[in-house]
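Each chain, written out:
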Amino acid sequence: IFEKVSNTILNQIESLSSIASEFSRFAKMPSFKIEKVDLATVSKDVMNLFIDEKISIILEVNENTPQVNADSSHVRRILINMVRNSIQAGADKIILKIFSDDENCFLIIEDNGRGIPFEIRDKIFEQNFTTKSTGMGLGLKLAKRFLDGIGGEIKLLESTTAGTTFQITFPITKN
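Residues numbered from 1 in each chain as written. Predicted model: local features only at pLDDT ≥ 70, side-chain atom pairs only at ≥ 80, totals over all residues. Heavy atoms only, no water.

Asks: Whenever I open this one, unusual backbone geometry confuses me. Can you help?
Replies: It is generally the case that most residues other than glycine have a negative phi and that most peptide bonds are trans. A positive phi is found at N64, a non-glycine position, where the angle reads about 60°. Topologically, N64 is positioned in the loop between β2 (56-61) and β3 (68-70). (Helix = DSSP H or I, 4+ residues; strand = E, 2+ residues; numbered from the N terminus.)

Now the structure itself:
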């Protein structure tokens, strides 16, 4: 466990260092570094960050799930934001499901939190929109911007008082 957590922390430090450097140089989020990304590996790193939280995170990965074209730092930030959102919505269980078809790889994030009220669902991807007293309301907007930029997508599949389900779509790496 110590080795896993240490690796995850080192990856996060490197990611934060990159973000800080980019912010200081350009006053914007880092540019994309498109590479082959294994969603299962990134998901496990993120899960390790929340090992001390009172939440169960389960990863389900279909066999032979291919790598995707993405930026691993951006994917990591998106997952961290999604897990934090679930925790803040009162979830104590999150299921991450990774599977693919011929063209895309899908990451489903299901939680058992309070859900997103119907009347605000169309606003969740808007900049500066938040229902929380903390945070800037940028997480989902930045996730959408990044995914649009790589030919991917994020969408809300379902939200009830029993939980919320998001689907993130990534293009598959073609060899």
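Asks: Looking at this structure, I do not really get the packing of aromatic side chains. What am I missing?
Replies: For the structure on display, the rule yields two aromatic pairs. Ring geometry for F125 and F166: centres 6.4 Å apart, planes at 90°, overall edge-to-face. Remark: F166 occurs in strand β7 (residues 163-171) and F125 occurs in the loop between β5 (104-111) and α4 (139-149); sequence separation between them is 41 residues. For the residue pair F125 and F166, the accessibility class agrees, reading buried in each case. (Phe/Tyr/Trp six-rings, centres within 6.5 Å; stacked < 30°, edge-to-face > 60°. Buried < 20%, exposed > 50% of the residue type's maximum accessible area, 1.4 Å probe, protein only.)

Asks: Which parts of the structure should I look at to understand the pattern of salt bridges?
Replies: Pairing of side chains with opposite charge becomes possible as their charged atoms draw close. Counted under the stated rule, the structure contains four salt bridges. Measuring nitrogen to oxygen at the nearest pair gives 3.9 Å for the salt bridge that ties E35 to K33. Under the relative-accessibility criterion, K33 is labelled exposed at 56%. The closest approach of N and O atoms between D45 and R76, which form a salt bridge, is 3.2 Å. Placement of D45 in helix α2 (residues 39-49) and of R76 in helix α3 (residues 72-88) is noted, with a sequence separation of 31 residues between them. What makes R76 buried here is its relative accessible area of 8%. (Salt bridge = Lys/Arg side-chain N within 4 Å of Asp/Glu carboxyl O.)

Asks: What is the right way to read a nonpolar patch on the surface from this model?
Replies: Taken together, the side chains of I9, L10, I13 and L49 define a hydrophobic patch exposed on the protein surface, amounting to about 350 Å² of accessible area. Of all the elements, helix α1 (residues 2-26) adds the most residues to the nonpolar patch, at three residues. (Patch = residues over 30% accessible without salt bridge, like charges linked within 9 Å, V, L, I, M, F, W, Y side chains within 5 Å. Areas by Shrake-Rupley, 256 points an atom, 1.4 Å probe, with all protein chains shown as cover.)

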